[in-house]
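Spelled out from the first residue to the last, the chains are:
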Number of protein chains: 2
Amino acid sequence: MRTMSLVVVGSVAYDGIETPHGKRERMLGGACTYIALSASYFTKTGIVAVVGDDFEEADRSWLAEKGIDLTGLEHVRGKTFFWAGVYSNDMNDRTTLRTDLNVFADFDPKLPADYASRPYLFLGNIQPGLQRGVQQQMNGVRFVGGDTMNYWIRDTREELLDTIRSWDFLLINDSEARMLSGEYNLRRAAARILKMGPHTLVIKRGEHGAMLFREDTLFMVPGYLLEDVFDPTGAGDCFAGGFVGYLAERGFDLRNGHFDAHELHRAVIYGSVMGSFCCERFGVERFRDLTRAEVDQRFEEFRRFTAF
Amino acid sequence: MRTMSLVVVGSVAYDGIETPHGKRERMLGGACTYIALSASYFTKTGIVAVVGDDFEEADRSWLAEKGIDLTGLEHVRGKTFFWAGVYSNDMNDRTTLRTDLNVFADFDPKLPADYASRPYLFLGNIQPGLQRGVQQQMNGVRFVGGDTMNYWIRDTREELLDTIRSWDFLLINDSEARMLSGEYNLRRAAARILKMGPHTLVIKRGEHGAMLFREDTLFMVPGYLLEDVFDPTGAGDCFAGGFVGYLAERGFDLRNGHFDAHELHRAVIYGSVMGSFCCERFGVERFRDLTRAEVDQRFEEFRRFTAF
């Protein structure tokens, strides 16, 4: 399965999180961690990230046990990226209490030689120039896309537009789509963004589900209705991991001429499935015992919930 | 088709509405009007409502042309219920500018003899005691349900609980479901409400779609993605009309022993379809030229948008 494998770039961090269900002072987090954990249920996944010398051996070995390729996890002097935040009572808002970039401030992603020929690439939310740099170190990529955030959309717009021009897909949330396009209405926003390069746009709407737009198709899925949302941290990243991980597993590839739009739809469902599991416990804890059988079971639940 | 016909009770009104797309000083409105217009695409619909002597003949004759049975539209001395409101720029909020109950203040619904044996009944949002009074005037009802609002949930809770106990379905929005159940989480809220009497609960979430709960099933549909939301007034009522109208058209009936859950799911889709059309123009204007063929076409669009 090496040829179907995925490279993920982004942050590995420690998070301090408080939700109405409790508090964790310091636990493994970071977008790259969530994306890779989620994608690892579908495909061989290698990460490109940086951590400091405070990075715990237990965390490293757990990620390795999950089958994640850590060749591209760089260790440097200093402290690992730390973020702390607190969620509102309904968990629809969160306030950042602390952001210590630490070693992440100078992150200069270096691709292990072994990664360069892998066919799937997900560029997590980092500075657009760095995303482009990683893409340029790859050869033979068959499906590439990524995430971004309000900060890059506002402050490095031209660089971002240059970066996403060659992407297959962009995966952002509704407020980012509005900001990037300058359109409030999501159908209009999507039409504008699809002119910026990516042929596929996925808009995540948190508890309200997700939408996939292509020039000629629209697909929508409602959010999974959890009985308890324990901690929504990382849910969007787990969505990304499920989405691109499933496509990598299936060998989905637009450049070969064969194309099944339903595979993209199913990737959105697997994204939703992984995002929903993420919320069931604090941080990455749900992935300690989550099985692929449970993942496929929830996929089928989505079918039952939406069939008519 | 007389045996499959529907009775709708609620307000017929004039509305003054301002949205970012424009303004109307006075146009036909009221929950009963929207519900009946929407349901009339599916089944013979008779209304029970009251208007004043300022009610326009043109409005009356248009409703009659749409096939709505106006035998139960009482005309009394005074002015018709008038409501005015203004929407926020994103149309997710509205501010009431004026509520003149006028003749609606003393509304005492009287069922025409001819209505009493009709099998489907939708009790629009009026005082729960009045809803119950109407239900008691019916004989042989096979499927009954209705709507309510924050005001009745808060101020006449016991009366409301007495009223909905014998309903087949309750159709409310998410904040009303939270208020009625005392649970924020919608899955828990639904579980509580399903113990109050109705075996079927539909929760409307506006642009985010709708959910149908029964003891053993859950069905979810995302909102239709309009390119322009012109005026959301009445969309929830049109959802109700599409939902119950479709079930009446199909002769859906739980009391006969036969039961197809997918019919309830399709009713939620038809509700969503009718709600989406409602938003495309001011007030009831979209129903001036909307055809059943367009309705069925959008139903199929929902299938394409959600299939995977």
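Before any of the text, the structure's been laid out above.
Everything numeric here is computed off the predicted structure, so don't read it as measured data.

Cut-offs applied
Numbering of residues begins from 1 in every chain and follows the order in which that chain's sequence is written. For this description, chains carry letters from A and ligands carry numbers from 1, given in the order in which they are written. Confidence filtering applies because this is a predicted model: local features only for residues at pLDDT of at least 70, side-chain atom pairs given and counted only at 80 or more, and all residues used for totals across whole chains, interfaces and linings. Think of the side-chain values as coming from all heavy atoms in the structure, minus any hydrogens and water. A run of H or I in DSSP becomes a helix once it reaches four residues, and a run of E becomes a strand once it reaches two; helices and strands are each numbered from the N terminus. Only the C-alpha atoms count toward the radius of gyration. The rule for a globule is 2.2 Å times the residue count to the power 0.38. Summary of the burial criterion: residues with accessible area below 20% of their type's maximum are buried, those above 50% are exposed, and those between are partly exposed, where the area comes from a 1.4 Å probe applied to protein chains only. Contacts: residue pairs with any heavy atoms within 4.5 Å of one another. Every accessible area reported is derived by Shrake-Rupley at a probe size of 1.4 Å, with residue values counting cover from the shown protein chains alone. In this charge count, Lys and Arg are treated as positive and Asp and Glu as negative; neither His nor the chain ends contribute. In plain terms, the charge of a residue is placed at NZ if it is Lys, CZ if Arg, CG if Asp and CD if Glu. By construction, the arc corresponds to the directions joining the helix axis to the C-beta atoms. We call two N or O atoms a polar contact when they sit within 3.5 Å, provided that within protein one can donate a hydrogen and the other can accept it, with sequence-adjacent residues counted only if both atoms are side-chain atoms. In superposing the copies, a least-squares fit is computed on C-alpha atoms, taking residues whose pLDDT is at least 70 in both. Pairing between strands is defined by DSSP: at least two bridges between the two strands are required. Here a crossover is taken to be right-handed if, once the strands point away from the viewer, the path from the first strand over the helix to the second is traced clockwise. Whether two aromatic rings pair depends on their centres lying within 6.5 Å, for rings of Phe, Tyr and Trp, where Trp uses its six-membered ring; planes under 30 degrees apart make the pair stacked, over 60 edge-to-face, and the rest tilted. The axes used here are C-alpha line fits, helices contributing only the stretch in contact, and every angle between their N-to-C directions lies in the interval 0 to 180 degrees. The set of buried Ala, Val, Leu, Ile, Met, Phe, Trp, Tyr and Cys residues whose side-chain atoms join them within 4.5 Å is what this entry labels a nonpolar core.

A.B. asks: Talk me through the overall build of chain A; I want residue IDs and the actual numbers.
C.D. replies: The secondary structure content of chain A amounts to 10 helices and 13 strands. What you see for chain A is a C-alpha radius of gyration of 18 Å, in line with the 19 Å of a compact globule of 308 residues. Dimensions of chain A, computed from the C-alpha atoms along their principal axes, are close to 50 × 45 × 40 Å. Looking at chain A residue by residue over its 308 residues, the buried ones come to 61%. Relative to all contacts within chain A whose residues are 6 or more apart in sequence, the contacts with residues 24 or more apart total 64%. Only carbon and sulfur atoms are counted for the fraction: they give 47% of the accessible area of chain A, which is about 11,900 Å². Of the charged side chains in chain A, 36 are positive and 44 negative; the average position of the first set lies 3 Å away from that of the second.

A.B. asks: Hey, could you go over the environment of R77 of chain A for me, with residue numbers and the actual values?
C.D. replies: All names here are of chain A. Take R77: it is sitting in the loop between β5 (69-75) and β6 (82-87). In this structure R77 comes out as exposed when scored by relative accessible area, which is 78%. In the structure, R77 is positioned 137 residues away from R214 in sequence and 44 Å away in space, judged by C-alpha atoms. Leave out the neighbours within four places in its chain, and R77 touches D53 and V103.

A.B. asks: Give a description of helix α7 (residues 186-193) of chain B that names residues and reports values.
C.D. replies: Residues and elements named next belong to chain B. Residues of α7 that are buried include every one of L186, A189, A190 and I193, and no others. Take α7 and look down its axis: the buried residues cluster within an arc of 100°, on one side only. Lining the buried residues of α7 we find β10 (169-173), α6 (174-181), β11 (200-204) and β12 (210-214). Structurally, the start of α7 carries an N-cap: the backbone nitrogen of R187 is 2.9 Å from a side-chain oxygen of N185.

A.B. asks: For the relation of the copies chain B and chain A, give the residues involved together with the corresponding values.
C.D. replies: Least-squares fitting of chain B to chain A yields an RMSD of 0.0 Å, with the transformation described by 0.0 Å of translation along the axis and a rotation of 180°. Expressed as a symmetry operation, the mapping of one chain copy onto the other fits a two-fold axis. Across chain B, the rotation axis passes nearest the C-alpha of P222 of chain B, at a separation of 2.5 Å.

A.B. asks: Explain the pairing of strand β4 (residues 45-51) of chain A to me, and be specific about the residues and the numbers.
C.D. replies: Residues and elements named next belong to chain A. Judged by how many residues are buried, β4 sits mostly within the fold: 7 of 7 residues are covered. Side chains of β4 alternate between two faces, with T45, I47, A49 and V51 and G46, V48 and V50 buried alike. Where strand β1 (residues 6-9) and β4 come together, 4 bridges link them in parallel fashion. Bridging across to β4, L6 finds its partner in T45. Relative to β5, β4 runs parallel, the two sharing 5 bridges. Within the sheet, the bridge partner assigned to V48 lies in β5 and is G72. In this fold, the crossover linking β4 to β5 by way of helix α2 (residues 57-65) has right-handed handedness.

A.B. asks: I'd like to hear about the packing of aromatic side chains, residue by residue, with values.
C.D. replies: All names here are of chain A. In the structure shown here, the tally under the stated rule is 36 aromatic pairs over all chains. For the pair F81 and F104, a centre-to-centre distance of 5.0 Å together with 5° between the ring planes defines the contact as stacked. Taken together, the positions of F81 in the loop between β5 and β6 and F104 in the loop between β7 (94-100) and β8 (120-123) put the pair 23 residues apart, joining distant regions of the chain. A relative accessible area of 15% places F104 in the buried class.

A.B. asks: Please give an account of the sheet that holds strand β6 (residues 82-87) of chain B that cites residues and values.
C.D. replies: Residue and element names in this part refer to chain B. Across the sheet, which stays open at both edges, the 4 strands sit in the order β3-β2-β6-β7 with mixed pairing between neighbours. What marks the edges here is a single partner per strand, and that holds for β3 (22-29) and β7 (94-100). The sheet shows a mean angle of 15° between the axes of neighbouring strands, direction not considered. Note that strand β2 (residues 13-19) and β3 share 6 bridges and pair antiparallel.

A.B. asks: Could you give an account of the sheet that holds strand β2 (residues 13-19) of chain A, with specific residues and numbers?
C.D. replies: Residue and element names in this part refer to chain A. If you walk across this open sheet you meet the 4 strands as β3-β2-β6-β7, and the pairing is mixed. Every other strand in the sheet has two partners, leaving β3 (22-29) and β7 as the edge strands with one partner each. Within this sheet the neighbouring strands show an average axis-to-axis angle of 15°, counted without direction. Bridge count between β2 and β6: 5 bridges; the pairing is parallel.

A.B. asks: Would you mind going over the nonpolar core in detail, with residue names and values included?
C.D. replies: In terms of nonpolar packing, the biggest core is built from 112 residues, with L180 of chain A together with F243 and F287 of chain B touching the most fellow members. If we skip the residues at most four places from it in the chain, F287 of chain B touches L37, Y41, W62, K66, C238, M274 and C278 of chain B. With 111 residues, the next largest nonpolar core counts F219, F239 and A240 of chain A together with Y115 of chain B among its residues.

A.B. asks: Quick one: what's the story with unusual backbone geometry, residue by residue and with numbers?
C.D. replies: Residue and element names in this part refer to chain A. Although it is not a glycine, M91 adopts a positive phi angle of roughly 65°. The residue M91 is located in the loop between β6 and β7 in this model. For M91, a relative accessible area of 13% translates into the label buried.

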